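# Coordinate analysis (summary)
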Amino acid sequence: MRSSPLPRMSRRGRVTIGVLIGVFVLFTLLGWGVNAWTDWLWFDEVRYTQVFTGVLATRLLLFLIIGLSMALIIAGNLWLAHRLRPQLRPHSAEQATLERYRMLLSPRLGTWIALAAAVIGLFAGLSAQSRWGQWLLFRNGGSFGVKDPEFGVDVGFYVFQLPFWRYLLGVGFTAVVLALLGALAVHYIFGGVRLQGVGDRMTNAARAHLSTLVAVFVLLKAIAYVLDQRAMLLEYNEGAKLYGAGYADINALLPAKEILAWIAVVVAVAIIVFSNAWMRNLVWPGIALALLGVSAVAIGGIYPWAVQTFEVKPSARDKEAPYIERSIEATRSAFGLTGTKNTDYAASNLVPPASLATDTSVVQNVRLLDPQLVSETYTQLQQVRGFYDFGPKLDIDRYANAGKTSDYVVGVREINYGELTDQQSNWINRHTVYTHGYGLVAAPANQVVCGGQPYFVSGFLGEKAQEACSSQTEQIPAQQPRIYYGERMEPDDYAIVGQTGDRNVEFDKPTSTGGEQYYTYTGEGGVEIGSFTRRLLYAIKEQESNFLLSEAVNDDSKLLYVRNPRDRVEKVAPFLTLDGDPYPAVVNGRVLWIVDGYTTAATYPYAERVNLQAETADELTGRGTFQLARENVNYIRNSVKATVDAYDGTVKLYTFDDADPVLKAWNKAFGGDLVLPKGDIPPELADHFRYPADLFKVQRNLLTKFHVTDPGDFYSGQDFWQVPNVPDAPDSGQKQPPYYLFTQFPGQEGPRFQLTAAVTPNGRQNLAALVSGSYVDGQPKLEVLELPDQTRISGPAQVHQQMTNNGDIRQQLNLLSSNQAQVQYGNLLSLPFADGMLYVEPVYVKSSNQDAYPLLQKVLLSYGDGGSYVVLANNLSDGIKQLVEQGKRPASGNPPPSTDDKPPTTGGTTTPVLTGELAEAAGKVQSAIVEVKAAQASGDFERYGRALKALDEAMAAFQQAQAAANPTPASGPSGSPSASPPASPSASPTPNG
């Protein structure tokens, strides 16, 4: 009697392993069950159970179908391989070695096969369940009404069908390969395949089985070639630097794929015929496979490479032109750029017009408050308690007051649990006392009071404002100002609300008498946890025994969790990509969070593919705006406007783009009523919709290239633009964020609330265009004001440097930053006005004292080319007056370079010839300017700083000499001195200028 090839495990060992496995499975299932149950309760609270059941059912369905299919294919082929084993095996050393494995497997072969198939099926099912989104779109997707330019196939096939077909093809390849390897192993162990001995190395049955699997693999390859022909329209075209099939792809690779598909079919037939019906050997099937491999290299690789190298590259501009045009059209369509209105804007006026002082559409609406900088001001002036917080960045919205619509800087006074003291941070206080914030605080964006503070008009903790620097009444009243859901909420910041009896325990707000007011939540939101079962359930989920032990949890208690509005919308609509900047608004007396939702796709033929995280990153990312995930897309629509009630957490999804086929597919997948129709949007809510920032960034970045619609010009790339860096920190590498303004651009009938951004020519810093996004009659509208190619108008970074490096202004800024104070710059606004360009940049000062906050102290203004007319004023009104006065006399900048030996002229008059000490002082000024230019060219900023200082000193000396030479100078018509230096500090060159 032979001994067992492997030692048997003792009974105690088997029991121990069984217990450990049982405990692991129990806790795994318990954790999954608790999460599933609490998820159901949460979805039931927000009334979106169809999302929970729909996603769960789809995941289970895919898990079972794909998992069982994979398991059956593997198990069937392993069983068949054992079934086809030879009854008699020749004696050999190889077979003697394999005998021990046969003895191990044979008694429980069914168990071993089932175990192997179950493991493979488990992993296949787990992978499949993550494809629930592709499956739902596959089943519910419809038509786009747009056909691809090569095959005439509706785009819906690429967006809805192709991704899941490719996944199924991948599953097929995996199943066949694993079945082939498993069958080969079984055939080898049981003698159907031999490596040693005389005679055939493979039985007829084994050869038929394995060759059939190989033939199926080759047939799947033929199907792959067919799908690859469609997928070519999604690939990157290296020749044109665009996505979509190019000349070599269409004229060489496409027919090659078709030829290879037919060759694969022939090879599959040849493998079966030659292996089983005719010669019954593997020589000819091997030759057929080799032929397929050689064909794939020669036809699918070498031939397209030759066409690209010898035919396309020498004349790529002409060859690729039709395919570049396809990419331009597809990209503009996929990203909503087709309706962009392009308007030429000459910007030829370089002198401030007198109409600046009387304008009511642009100047009066200039936004001075920077939502990022004044967040600290809001926190210090409206915080009241240390645990209140407004976040690192506020939001911009507009409200109508006294019949006039203006933009406001708004922020929500939220609870910041990270700011609670140690005493306040115990479990009772954290989760049952400090449960909510209070009030939406707003201030007009174009108004400051009391030495640079915002003029607060809402969100007061009392009936009337106590500060003389604020409105005495609520101008934006909220009937329910309590904030239980907000952006400052982390996943573990749950709240337990609801009390028995009349005792209120939730801290509500401080009172005017110095006391504290308490409150009990009465909203419909929250999961009821009054029963013992619910308490136990959430005690397990949160791993917190106080749910069972604390008296703070009673029969009337509710649990509020998932309290961040963005997380809340993401949970009820997992198919949406959400904008990174939710914003609050008071609508019909309720504080609502408004979240923009995007539908996206990555398989729109010929469209440019972008990474959302990279395209939307700028200076504000992570500082008040959420960073988007690394998602590659080539189609996007702002199809959904979602709202979250800040008091009871109610989530509503409204259709915004009712023509979007992707949203229609998702809505159909979840019963057809998941997203409310566009007609259900309340007009009061629609008044607060704004063009979403992340979508605008993507569209703006694409417009830097795809505003060029001529294929030849696009290929040369000479008219491309770029997004400038932050003006006050151009070396940081951070892009300038777009900014919201309530203003009127040329060609618009009246002021609009719009998102705007400046772009510059690629590789240069002068202004190329202004891009704006707004809503007109409820529809999104993109507009581009394009300046001439050789414009003199400076871009944002140049303007900032020119304004701050002006000699007089630099001295004033230095005075502001003395005494350990810090100068901070707000949004640099580019405003087209009167066929010119007005730049406005607020200047804040923040002292070094503890708990100091920025105050708006000055306003920088410039008109024209950025350097000729510049003022630093105490307020906008004074600055506009000074600009207008400057416009009445010659510009203070450098005169244009002379082309001959004649003296330079200014304002049509000859500059006087200087003599004596005045001439010597003027020469020093000129030398200082030369040094400034040299320092600029060298890129040495330390040297540049010294040069500017020397220029200031030379200017001061010149002014002294001028005063000595002309004790009572006569003023000309413009009020200018009778003599002037060769150049003024305002015209000094700037770094990177």
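All residue numbers refer to position in the chain's written sequence, counted from 1. Per-residue local features are limited, in this predicted model, to residues with pLDDT of at least 70; the limit for side-chain atom pairs, both in listing and counting, is 80 or more; totals at the level of whole chains, interfaces and linings are taken over all residues. The side-chain values count all of the structure's non-hydrogen atoms but skip hydrogen atoms and water molecules.

### Focus: the overall build of the protein
Under the scheme used here, helices are H or I runs from DSSP no shorter than 4 residues and strands are E runs no shorter than 2 residues, and both carry numbers assigned from the N terminus. When you go through the protein residue by residue, the secondary structure sums to 26 helices and 36 strands. The 993 residues of the protein split such that 52% are buried. Contacts are assigned to residue pairs that have any heavy atoms within 4.5 Å of one another. When contacts within the protein are restricted to residue pairs at least 6 apart in sequence, those whose partners lie at least 24 apart make up 68%. Carbon and sulfur atoms provide 55% of the accessible area of the protein, an area that totals close to 44,900 Å². For every residue, the accessible area (1.4 Å probe, protein chains only) is compared with the maximum for its type, and the residue is labelled buried under 20%, exposed over 50%, or partly exposed between those bounds. We get accessible surface area from the Shrake-Rupley algorithm with a probe of 1.4 Å; when it comes to residues, only the shown protein chains can shield them.

### Regarding the packing of helix α2 (residues 49-83) against helix α6 (residues 155-189)
Angle between the axes and distance between the axes are the two parameters that describe a pair of packed helices. Axis lines are fitted to C-alpha atoms, over the contacting stretch for helices. Their N-to-C directions set the angle, which ranges from 0 to 180 degrees. In contact at an axis separation of 8 Å, α2 and α6 are set at 25° when each is read in the N-to-C sense. Regarding the angle of α2 to α6, the classification is roughly parallel. By crossing handedness, the relation of α2 to α6 is classed as right-handed. Listed contacts from α6 to Leu62, Ile66, Met70, Ile73, Ile74, Asn77, Leu78, Ala81 and His82 of α2 are Phe164, Tyr167, Leu168, Val171, Thr174, Ala175, Leu178, Ala179, Gly182, Ala183, Val186 and His187. Lys, Arg, Asp and Glu make up the charged group, whereas Ala, Val, Leu, Ile, Met, Phe, Trp, Tyr, Cys and Pro make up the nonpolar group; the residues left over, Gly among them, are polar. Split by residue class, the contact of α2 with α6 holds 16 nonpolar, 5 polar and no charged. By the definition adopted for this analysis, an angle is roughly parallel if under 35 degrees, roughly antiparallel if over 145, roughly perpendicular if from 65 to 115, and oblique otherwise. Crossing chirality is assigned from the near helix's rotation relative to the far helix, an anticlockwise turn below a right angle marking it left-handed and a clockwise turn marking it right-handed.

### Topic: the packing of helix α11 (residues 321-334) against helix α20 (residues 693-706)
The N-to-C vectors of α11 and α20 enclose an angle of 160°; their axes lie 11 Å apart at closest approach. Of the possible angle classes, the one that applies to α11 and α20 is roughly antiparallel. Where α11 crosses over α20, the two elements pack in a sense that is left-handed. On α20, the residues touching Ser327, Ile328, Thr331 and Arg332 of α11 are Leu702, Leu703 and Phe706. Its residues assigned to classes, the contact of α11 with α20 shows 4 nonpolar, 2 polar and 1 charged.

### Let's talk about the environment of Gln372
Within the secondary structure layout, Gln372 lies in the loop between β3 (341-344) and α12 (374-382). Taking the relative accessible area as the measure of exposure, Gln372 reaches 18% and is therefore buried. Spatially, the C-alpha atom of Gln372 lies 6.1 Å from that of Leu394, the residues being 22 residues apart in sequence. Apart from the residues within four sequence positions on either side, Gln372 is in contact with Pro392, Lys393, Glu619, Leu620 and Arg623.

### Let's talk about the confidence of the model for the protein
Across the protein, pLDDT averages 85, with 86% of residues at or above 70. Residue-level confidence of the predictor is summarised by pLDDT, bounded by 0 at the bottom and 100 at the top. Of the regions scoring below 50 in pLDDT, residues 891-915 engages in 29 contacts with residues more than four places distant in sequence or in other chains. For residues 968-993, every residue scores under 50 in pLDDT, and the model assigns this stretch 68 contacts once sequence neighbours within four places are set aside.

### A few points about the state of the cysteines
Cysteine sulfur atoms that pair up within 2.5 Å are treated as a disulfide. Taken as a whole, this structure holds 1 disulfide when the rule is applied. One disulfide in the model links Cys450 with Cys469; its S-S distance is 1.7 Å. Across the S-S bond linking Cys450 and Cys469, the dihedral sits near -100°, which makes this disulfide left-handed. Of the two residues, Cys450 is situated in the loop between β10 (448-449) and β11 (453-454) and Cys469 in the loop between β11 and β12 (482-483); the sequence distance between them amounts to 19 residues. Here Cys469 falls in the buried class, since its relative accessible area comes to 15%.

### Things to note about the sheet that holds strand β16 (residues 527-528)
Strands pair, by our definition, only if DSSP identifies at least two bridges between them. One open sheet holds the 3 strands; their spatial order is β13-β17-β16, and the pairing between them is antiparallel. If you trace the sheet from one side to the other, it starts and ends with β13 (495-497) and β16, each paired once. Of the pairings in the sheet, the one linking β16 to strand β17 (residues 558-560) comprises 2 bridges and is antiparallel in character. Directly across from Glu528, in β17, lies its bridge partner Lys558.

### As for the packing of aromatic side chains
Side-chain rings of Phe, Tyr and Trp, where Trp is taken by its six-membered ring, are said to pair if the distance between their centres is within 6.5 Å; with planes under 30 degrees apart they count as stacked, over 60 as edge-to-face, and otherwise as tilted. Per the stated rule, a full pass over the model turns up 41 aromatic pairs. Taken together, the ring pairs in this structure connect Trp135, Phe138, Phe164, Trp165 and Tyr167 into an aromatic cluster. Definition used: whenever NZ (Lys) or CZ (Arg) falls within 6 Å of the ring centre and also within 35 degrees of the ring normal, the charge is taken to sit over that ring. Taking NZ or CZ as reference, Lys641 lies 5.2 Å from the ring centre of Phe689, over its face. Above the plane of the ring of Tyr583 lies Arg690, whose end atom (NZ or CZ) is 3.9 Å from the centre.

### Considerations on the pattern of salt bridges
Two side chains that carry opposite charge are able to pair once their charged atoms sit near each other. Note on definitions: salt bridges are taken to be side-chain nitrogens of Lys or Arg within 4 Å of carboxyl oxygens of Asp or Glu. As enumerated under the stated definition, the model contains 25 salt bridges in all. Two residues, Asp648 and Arg590, come together in a salt bridge whose shortest N-O distance is 3.3 Å. With Asp648 in the loop between β23 (635-645) and β24 (651-655) and Arg590 in strand β20 (residues 590-601), the pair connects residues that are 58 residues apart, well separated along the chain. Taking the relative accessible area as the measure of exposure, Asp648 reaches 12% and is therefore buried. Three or more residues are tied together by salt bridges with common partners; here these are Lys393, Asp395, Asp581 and Arg690.

### Describing the layout of surface pockets
Two kinds of site are reported from a 1 Å grid over the protein atoms alone, namely cavities, where a 1.4 Å probe fits but cannot get out, and pockets, open sets with protein on both sides within 12 Å along at least five of seven lines, and residues are called lining when an atom falls within 4 Å of a point. Grid points are joined across faces, edges and corners, and a volume is the space filled by probe spheres set on the points. Here the second largest pocket defines a volume of roughly 720 Å³. Considering the residues around the second largest pocket, the lining is formed by 29 residues, among which Phe575, Thr577, Thr600, Glu631 and Trp666 are closest to the centre. Broken down by element, the residue count for the lining of the second largest pocket peaks at 5 residues, all from α6. Considering only residue class, the lining of the second largest pocket consists of 16 nonpolar, 8 polar and 5 charged.

### Some points on the pairing of strand β6 (residues 404-412)
Burial of β6 is extensive: 7 of the 9 residues sit out of reach of the surface. Direction of pairing for strand β5 (residues 395-401) relative to β6: antiparallel, over a ladder of 7 bridges. Pairing of Asp397 across the sheet is with Tyr408, part of β6. Where β5 folds back on β6, the antiparallel hairpin that results is connected by 2 residues, among which Ala402 adopts a positive phi of roughly 60°. As defined by bridge partners, β6 adjoins strand β9 (residues 440-444) across 5 bridges and the pair is classed as antiparallel. Residue pairing in the sheet places Val412 in a bridge with Leu440 of β9.

### Observations regarding the side chain of Thr599
Inspection of the secondary structure puts Thr599 in strand β20. For Thr599, a relative accessible area of 1% translates into the label buried. Separated by 3.0 Å, the side chains of Thr599 and Ser639 make a polar contact. Excluding residues that lie within four positions of it along the chain, Thr599 makes contacts with Leu576, Tyr635, Ile636, Arg637, Ser639, Asp660, Val662 and Leu663. Pairs of N or O atoms are called polar contacts if they sit within 3.5 Å, as long as, within protein, a hydrogen donor faces a hydrogen acceptor (for residues adjacent in sequence, only side-chain-to-side-chain pairs).

### Some details on the sheet that holds β6
Across a sheet, strands are paired by hydrogen bonds formed along the backbone, either parallel or antiparallel in direction. The strand order across the open sheet built from 3 strands is β5-β6-β9, with neighbouring strands paired in antiparallel fashion. Two strands bound the open sheet, and with one partner strand each, they are β5 and β9. Across the sheet, the mean angle from the axis of one strand to that of its neighbour is 40°, orientation sign disregarded. Across the face of the sheet, α12 comes into contact with β6 and β9 while running at roughly 120° to β9.

### Side note on the side chain of Ser639
Its location among the elements puts Ser639 in strand β23. Look at Ser639 and you get buried, because its relative accessible area is 0%.

### Concerning a negative patch on the surface
Patches in this entry comprise residues that are over 30% relatively accessible and not in a salt bridge; like charges within 9 Å are linked, as are nonpolar side chains (Val, Leu, Ile, Met, Phe, Trp, Tyr) within 5 Å. Counting rule for charge: Lys and Arg are taken as positive, Asp and Glu as negative, and neither His nor the chain ends is counted. Taken as the charge location is NZ of Lys, CZ of Arg, CG of Asp or CD of Glu. A cluster of acidic residues, Glu325, Glu329, Asp710 and Asp713, forms a negative patch on the protein surface. With respect to the helices, strands and loops of the structure, Glu325 is situated in helix α11. Judged by relative accessible area, Glu325 falls into the partly exposed class, the value being 37%.

### Notes on helix α14 (residues 532-542)
Within α14, burial applies to Arg535, Leu537, Tyr538 and Ala539. At the C-terminal side of α14, Gln543 shows a positive phi close to 55°.

### Quick look at unusual backbone geometry
Positioned with a positive phi, Gln543 is a non-glycine residue whose angle comes to about 55°. Located in the positive-phi region is Val562, a residue other than glycine, with phi close to 55°. Note on placement: Val562 falls in the loop between β17 and α16 (565-572).

### Some details on a nonpolar patch on the surface
The grouping of Leu104, Trp112, Leu115, Val119, Leu122, Phe123 and Leu126 at the surface amounts to a nonpolar patch, some 640 Å² of accessible area in total. A per-element tally of the nonpolar patch places helix α4 (residues 109-129) first, with 6 residues. With respect to the element layout, Leu126 can be found in helix α4. Accessibility expressed as a relative area gives 43% for Leu126, which makes it partly exposed.

### Thoughts on the pairing of strand β29 (residues 779-786)
Relative to β29, β3 runs parallel, the two sharing 4 bridges. By the bridge assignment, Thr343 is partnered in β29 with Leu785. Where strand β28 (residues 769-776) meets β29, 8 bridges bridge the pair, whose relative direction is antiparallel. Paired with Val771 across the two strands is Val784, which belongs to β29. Linking β28 back to β29 in an antiparallel pair, the connection comprises 2 residues, with Asp777 at a positive phi of about 55°.

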